Structures are given as C-alpha cells and as structure tokens.
Amino acid sequence: MSDTSSYKATAFWPNDGLTDVPYNLYDDEAIYLRERERLFMGPTWNVLGLECEVPNPGDYKTSFIGDVPVVLVRAKDGTLRGFENRCAHRGALLCLERFGNARAFTCVYHAWSYDHDGNLTGVAFQNGVKGEGGMPDDFRREDHGLRRLQIASLSGLVFGSFDPAVPPLADYLGPDIVGRIRRVLPKPLKVLGYYTQTMRNNWKLYFENVKDPYHASILHLFFTTFRLNRLSQKGGIIVDDSGGHHVSYSKLDEKPGGDGDYNSAELRADTDEFGLKAPALLGGRDEFDDGITLQILTVFPGLVLQQVRNSLVVRQIVPRGVDRTDVVWTNYGFADDDEELADLRLLQANFIGPAGYISMEDGAVVAMIQRALPGTKGDTSVVKMGGDGTASQESRATETSIRGFWKAYRKIMDI
Amino acid sequence: MDVTAQHGLYHGIVSGLLADYAHCIDGDDLESWPALFTDTATYRITTAFNHAQGLPIGIIDARNRNMMEDRITALRKANIYEPQRYRHIISVVRLIDAADVASDIIQAEASFIVVRTTIDGSQDLFVSGRYLDEVDISGARPLFAKKLVVLDSDKIDTLLAIPL
C-alpha cells in the first residue's frame with residue numbers, strides 16, 4: 001500500500017472534521033487513482049444495473065465500477081455473475097456491446113474464451129501448430145480466469161464489488177436505506193429507456209449535488225416561478241451510520257382527494273398569472289400510498305435512486321477522469337403499470353434528465369465549480385449548513401448528507 | 001399534377017418549414033418555435049438506441065403545442081443555464097411513403113447536426129441525428145403535426161435546454 005501520510009498531506013485537510021473540504025480533491029490525479037484503488041475497487045457496492053436487463057441465461061450487460069469496465073451476466077443456472085471486462089491474455093476488452101446474449105465470451109484478439117463464470121475454457125493454438133510453438137507445458141488455464149466480482153441484488157437492483165471482503169449488501173446499506181430502496185422497487189420492473197449526461201466535472205461534485213437539499217429551491221426555480229411550491233411540504237433527510245448513503249424525501253402536507261391522486265391540490269397553480277398552459281405535467285398518482293412525492297436516495301459511492309412523483313430512475317455515476325463524469329440514467333417503471341401510469345412516467349420525465357425542468361441546472365452548476373478550481377490550492381469549501389455533524393434531520397436547510405459523504409470518504413480513502 | 005412534380009413540391013414544403021424551424025431556434029426567436037406546430041402536435045427527443053429498442057422515454061416529451069410554449073416560458077423565466085446558441089445544419093429531405101400523394105400529411109426525414117456555442121466562445125459539435133417529421137399541409141401554411149428527434153448518441157453534454 002502507498003504511503004498514507006503523503007496522501008494526507010496532498011489532500012490539504014485542515015482538520016479531522018467534515019466541514020472544510022479541500023478543493024484539490026476534485027482535480028488531483030493521485031487522488032483519482034487512489035479513489036479507483038481504495039474506493040471503487042475496494043469494499044464498496046457499486047450499482048451495475050437491473051435484473052430485468054439480463055432476464056435469460058447468457059444475457060449480459062456491460063457496465064462500470066468506477067471507471068473500470070465490467071460485465072454482468074446471467075449464468076446457465078439463472079444466477080448473476082460479474083467479472084472485469086478485460087481478457088486475461090493481453091488485456092483487451094472482452095465485450096463491446098452494451099447488451100447481448102452469449103454462450104461464451106471470446107476475445108476478438110486471440111480467441112481466448114471464457115464461460116459465464118469467467119473461467120478460461122479455450123486458448124487458440126494452446127498446443128501449437130504441428131508440434132511447433134504453443135503454450136509451455138506448465139500453462140494452466142485455471143490460473144488465467146477473469147477477475148471476478150461479488151454480486152448481490154436487492155429488489156431487482158444489482159450491485160457488484162471487486163473486494164471479496166465487502167460486507168453483505170444489507171449490512172452495507174443499513175435498514176433505513178434498504179427500506180427506502182424497497183419502497184421504490186416493490187415489484188417486477190420494466191426499463192423505459194436510457195440516456196447519459198456527460199459532465200465536465202469531478203464525479204464527487206455531482207454526488208454532493210444530489211446529496212444537497214439546500215440548493216434545491218434556490219437553483220431550481222421551476223416550481224417557484226410557476227408558484228407551485230406554496231403547499232407546505234413535510235420531509236426530511238436520513239443519513240445512514242456510515243454517512244455514505246442518504247435519503248431525502250418530501251410529501252405534500254395534506255393528502256388531497258380520496259382517489260390517491262394529488263392533481264386536485266396542485267392544479268390550482270393553473271389559475272395563477274404565471275401558470276403553465278399544459279398543467280397535466282403536474283398531476284400524479286400516489287402509487288406507493290404514502291404521500292411521498294419526492295425521494296432522492298444515494299448509495300456510496302455511485303448510485304442515485306430517484307423518485308420525482310411517478311418518474312423513477314436509477315442513475316449510475318461513472319468517473320471518466322479527474323474532470324469528466326458520465327451519469328447514466330435508466331428510467332424504469334413496473335411490469336404491471338396500467339396505461340395511464342405508464343404514460344405519467346413518460347410525461348413526468350420532462351422534470352428530470354439533462355433537459356429536465358427541475359434538474360437541467362445541476363449539470364451546469366457543478367461544472368462551474370470545476371472551472372473555478374485553478375485558484376483554490378490549499379483552500380477549502382464551507383460545508384456548515386445545519387452544523388458539523390452527519391445526523392438525520394427534518395429540515396432540508398442542511399448539508400448533513402454532504403458531510404456524511406466526506407465521513408465515509410475519509411474513512412475508506414484513509415485521508 | 002404528376003407524381004414527380006408533387007414530390008418536388010413536397011420536398012420544397014418540408015425544406016422550407018425546416019429552414020424556418022432552424023431560423024427561429026438558432027436566432028433565439030424561441031417564442032416563434034411552437035407556432036410551427038399544430039395545436040395537437042407532439043415533439044419528442046429520443047436516442048437511436050431507445051428508438052431501435054422501442055423504449056418510450058423522451059429527453060423532452062411534449063404532447064401538444066401548449067407544452068412547447070410552457071417549455072419556452074420555463075427557459076425564459078425559470079431555468080438557469082449559461083447563455084448559448086445553436087447552429088443547425090440540416091440535410092436535404094427524404095420523403096417517406098411518398099406514394100400517398102392524396103394525404104394531408106407529408107412524412108419526411110432529414111439529418112442534422114447542431115454546433116453549440118457557449119458564452120465564452122467555446123464551440124462543440126453538440127449532437128447529430130435525424131428528424132422524423134409529419135407535416136400537415138391541410139391549412140393555410142404547413143405545420144409540423146409530429147416531430148421525433150432521434151439522436152445518434154446517448155450522450156448529452158452537460159444539459160439540453162434549448163429545443164433541438
């Protein structure tokens with residue numbers, strides 16, 4: 001392992017607390033490499049996709065843990081397996097397609113092939129040609145399998161880890177987070193479509209943004225402008241014991257109507273001077289029967305699970321270098337959605353994503369931090385809203401979940 | 001009019017409407033953009049992958065002209081993003097199902113690229129893709145009855161505020 005003290009010096013942490021975050025964590029190449037080694041390839045669970053994306057034996061999906069390419073595959077016995085997407089021979093990518101079905105994985109370069117468990121099953125010309133060449137006698141295929149992942153799933157959401165010593169997924173998440181994940185994944189899923197938002201900033205800036213409820217009503221003015229936020233909303237923030245995971249949620253104060261819809265309360269906005277001409281967007285169904293219209297959940301280090309009304313999305317954060325990040329948005333619904341609900345999800349997708357009414361600003365604002373980094377050497381940001389701790393809070397005027405992130409981050413990075 | 005002449009006329013109608021379309025977006029006359037659609041027109045941005053797989057999600061999904069007007073109102077009054085302009089380059093038009101010359105709807109396809117220029121002068125090839133259009137020619141002027149924007153790539157750089 002590298003010398004820990006040098007990393008501590010590199011990171012410029014002024015103290016052992018969580019309120020003064022060094023800016024160099026967002027553009028230091030050594031930090032980025034350490035994150036890959038200790039955090040993404042360490043004892044963490046990283047989202048890979050949904051079980052419904054690989055329903056049949058041989059179905060595979062290519063994905064990433066951090067920026068490391070991996071493959072998720074459903075084996076012949078129906079279980080999920082995962083391995084690094086890199087041939088053990090010369091290191092070429094093994095799978096290029098995003099999705100596919102394969103009886104075996106064969107590298108295009110020299111035709112080394114692997115089974116669904118990542119075992120090396122074939123080496124072209126292993127015994128040479130006409131007695132000439134070939135692998136040495138002591139070459140054993142079992143020594144050259146693919147690097148395997150630990151795989152675990154929860155309610156159809158699949159995670160992978162490079163570290164065999166990673167804690168069981170449920171222990172890693174804790175009961176509050178498990179409950180909130182189950183809440184938005186209660187039955188068989190259906191993918192509604194994908195897109196990727198590429199961001200010109202370090203991955204942590206986006207993850208912090210998602211964990212930050214303080215900015216929501218300040219930066220995202222859609223609801224304010226159309227006077228849609230006067231209904232007082234109840235909610236809160238839950239931060240797990242590790243600090244790395246969080247849930248932010250809110251609900252309408254009153255549950256209007258008897259039909260489980262909340263259209264009637266919000267459509268009043270339509271009569272306002274600045275009302276929308278097509279307020280159907282603002283409707284919705286209380287599909288989880290608890291009045292919660294917004295739930296943003298994060299799992300350390302790279303998952304965002306989002307409910308904005310009836311728009312449900314798995315967002316996977318993929319670092320692409322110290323100042324580039326891909327956010328892969330997988331919109332989903334349920335296999336048994338009726339026509340109206342299925343349509344609501346598509347309609348409300350206008351709120352989210354790179355063109356979303358209440359999310360488009362996020363891509364721009366975090367890149368604005370990245371662009372201002374050059375003068376920050378030795379400086380820190382101020383993360384003191386709501387105190388210096390990481391406790392769960394009812395107020396959303398807090399940065400408790402950002403501090404929670406740094407708590408988990410400092411521990412696993414040992415800086 | 002013979003069929004060939006009719007096709008030439010249709011090419012001209014669709015090309016003219018697309019030229020007006022690019023003119024109002026690239027010229028920041030966004031308020032005129034919805035007026036190029038019928039009341040009940042749909043406007044949706046998707047990706048080639050979703051389109052090929054039959055996955056229904058839209059990056060923007062407007063179900064009628066009012067929703068398009070709301071989007072422009074939101075861009076002007078609510079959404080915050082760095083000033084930026086597009087430059088559309090739109091290809092020649094290909095007619096789809098051109099045999100049906102009796103219809104009031106022309107189905108057409110055109111390729112496009114959009115270069116985005118931000119306030120600091122940076123320029124990037126923002127997106128490429130194709131328009132799958134239905135143009136209603138029953139009224140006084142041709143209008144889009146449906147516009148499906150199919151992007152070649154899944155990736156959107158930073159944000160997509162202005163319509164494509």
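Residues numbered from 1 in each chain as written. Chains lettered and ligands numbered in written order. Predicted model: local features only at pLDDT ≥ 70, side-chain atom pairs only at ≥ 80, totals over all residues.

K.L.:
How should the overall build of chain A be read in this particular structure?
P.N.:
Along chain A, the regular secondary structure elements total 11 helices and 19 strands. Compactness check: chain A gives a C-alpha radius of gyration of 23 Å against a globular reference of 22 Å for 415 residues, within 12% of the reference. Overall, chain A is about 85 × 55 × 35 Å in size when its C-alpha atoms are taken along their principal axes. Per-residue burial for chain A yields a buried fraction of 45% across its 415 residues. Excluding contacts between residues fewer than 6 apart, the proportion of contacts in chain A whose partners are at least 24 apart in sequence is 64%. (Helix = DSSP H or I, 4+ residues; strand = E, 2+ residues; numbered from the N terminus. Rg over C-alpha atoms; globule rule 2.2 N^0.38 Å. Buried ≥ 20, exposed ≤ 12 C-beta atoms within 10 Å, placed from the backbone. Contact = placed C-beta atoms within 7 Å.)

K.L.:
Hey, could you run me through the interface of chain B and chain A in this one?
P.N.:
By a frequent convention, interface size equals the accessible area lost on bringing the separate parts together. Each partner contributes to the interface: chain B provides 30 residues, whereas chain A provides 31 residues. Going through the elements one at a time, helix H2 (48–53), strand E2 (60–62), helix H3 (65–77) and strand E8 (155–157) of chain B are the ones with two or more residues in the side of chain B that touches chain A. Broken down by class, the residue content of the side of chain B that touches chain A amounts to 15 nonpolar, 7 polar and 8 charged. With 3 bridges connecting them, strand E12 (residues 189–199) of chain A and E8(B) associate as parallel partners. The residue of E8(B) that forms the bridge with Gln197(A) is Ile156(B). (Nonpolar A, V, L, I, M, F, W, Y, C, P; charged D, E, K, R; others polar. Pairing = 2+ DSSP bridges.)

K.L.:
Explain the confidence of the model for chain A to me, please; I cannot follow it from the model alone.
P.N.:
Regions with low pLDDT carry predicted coordinates that are not meant to be interpreted in detail. Summing up the model confidence of chain A, the mean pLDDT is 91 and the portion of residues at 70 or higher is 90%. Predicted confidence for residues 254–260 of chain A stays below pLDDT 50, and this span has 8 contacts to residues more than four positions away or in other chains. (pLDDT = per-residue confidence, 0-100.)

K.L.:
Can you walk me through the packing of helix H5 (residues 203–210) of chain A against helix H10 (residues 360–371) of chain A in this structure?
P.N.:
Residue and element names in this part refer to chain A. Running from amino to carboxyl end, H5 crosses H10 at an angle of 130°, the nearest separation of the two axes being 10 Å. For the element pair H5 / H10, the angle class is oblique. Once H5 is placed against H10, the crossing between them reads as right-handed. Only Asp362, Val366, Ile369 and Gln370 of H10 make contact with H5, whose side of the interface consists of Leu205, Tyr206 and Asn209. By residue class, the composition of the contact of H5 with H10 is 4 nonpolar, 2 polar and 1 charged. (Axes fitted to C-alpha atoms, helices over the stretch in contact; angles between N-to-C directions. Parallel < 35°, antiparallel > 145°, perpendicular 65-115°, else oblique. Left-handed = near helix turned anticlockwise from the far one by under 90°.)

K.L.:
I would appreciate a short explanation of the sheet that holds strand E2 (residues 46–50) of chain A in the present structure.
P.N.:
Sheets are built from strands paired through backbone hydrogen bonds, the pairs being either parallel or antiparallel. Residues and elements named next belong to chain A. The sheet built from 3 strands is open, its strands ordered E2-E11-E10 with antiparallel pairing. Looking along the sheet, the strands with just one partner apiece sit at the ends: E2 and strand E10 (150–154). Averaged over all pairs of adjacent strands, the angle between their axes in this sheet comes to 30°, without regard to strand direction. Two strands pair when backbone bridges link them, and E10 and strand E11 (residues 157–161) are joined in this way by 5 bridges, in the antiparallel orientation. Within E11, the residue paired with Ser153 across the bridge is Val158.

K.L.:
For this particular structure, what's the right way to read the nonpolar core?
P.N.:
If you look at soluble globular proteins, the nonpolar side chains tend to sit buried side by side. Grouped together as the largest cluster of nonpolar side chains are 136 residues, with contacts concentrated most on Val70(A), Val71(A), Leu72(A), Tyr206(A) and Val14(B). Summarising the domain contributions, this core has at least three residues from each of domain 1 (46–152) and domain 2 (175–413) of chain A. Other than its neighbours up to four places away in sequence, Val14(B) contacts Val93(B), Ile106(B), Ala108(B), Asp133(B) and Val135(B). (Core = buried A, V, L, I, M, F, W, Y, C linked by C-beta atoms within 7 Å. Domains from an automatic or database assignment.)

K.L.:
Any chance you could explain the domain arrangement of chain A here in plain terms?
P.N.:
Residue and element names in this part refer to chain A. Under the domain assignment, chain A is made up of domain 1 (46–152) and domain 2 (175–413). The distance between the C-alpha centroids of domain 1 and domain 2 comes to 36 Å. Examining the composition of the side of domain 1 that touches domain 2, we find that 3 residues originate from one element, E2, more than from any other. Grouping the constituent residues of the side of domain 1 that touches domain 2 by class yields 4 nonpolar, 2 polar and 2 charged.

K.L.:
Explain the pairing of strand E5 (residues 80–84) of chain A to me, please; I cannot follow it from the model alone.
P.N.:
The side chains of a regular strand alternate, first on one face of the sheet and then on the other. Residue and element names in this part refer to chain A. With 5 of 5 residues buried, E5 lies mostly within the body of the structure. Sheet analysis places strand E4 (residues 68–74) next to E5, joined by 5 bridges and oriented antiparallel. Looking at the pairing, Val70 lines up with Glu84 of E5. The antiparallel pairing of E4 with E5 creates a hairpin that spans 5 residues between the two strands, and Gly78 there sits at a positive phi of about 90°.

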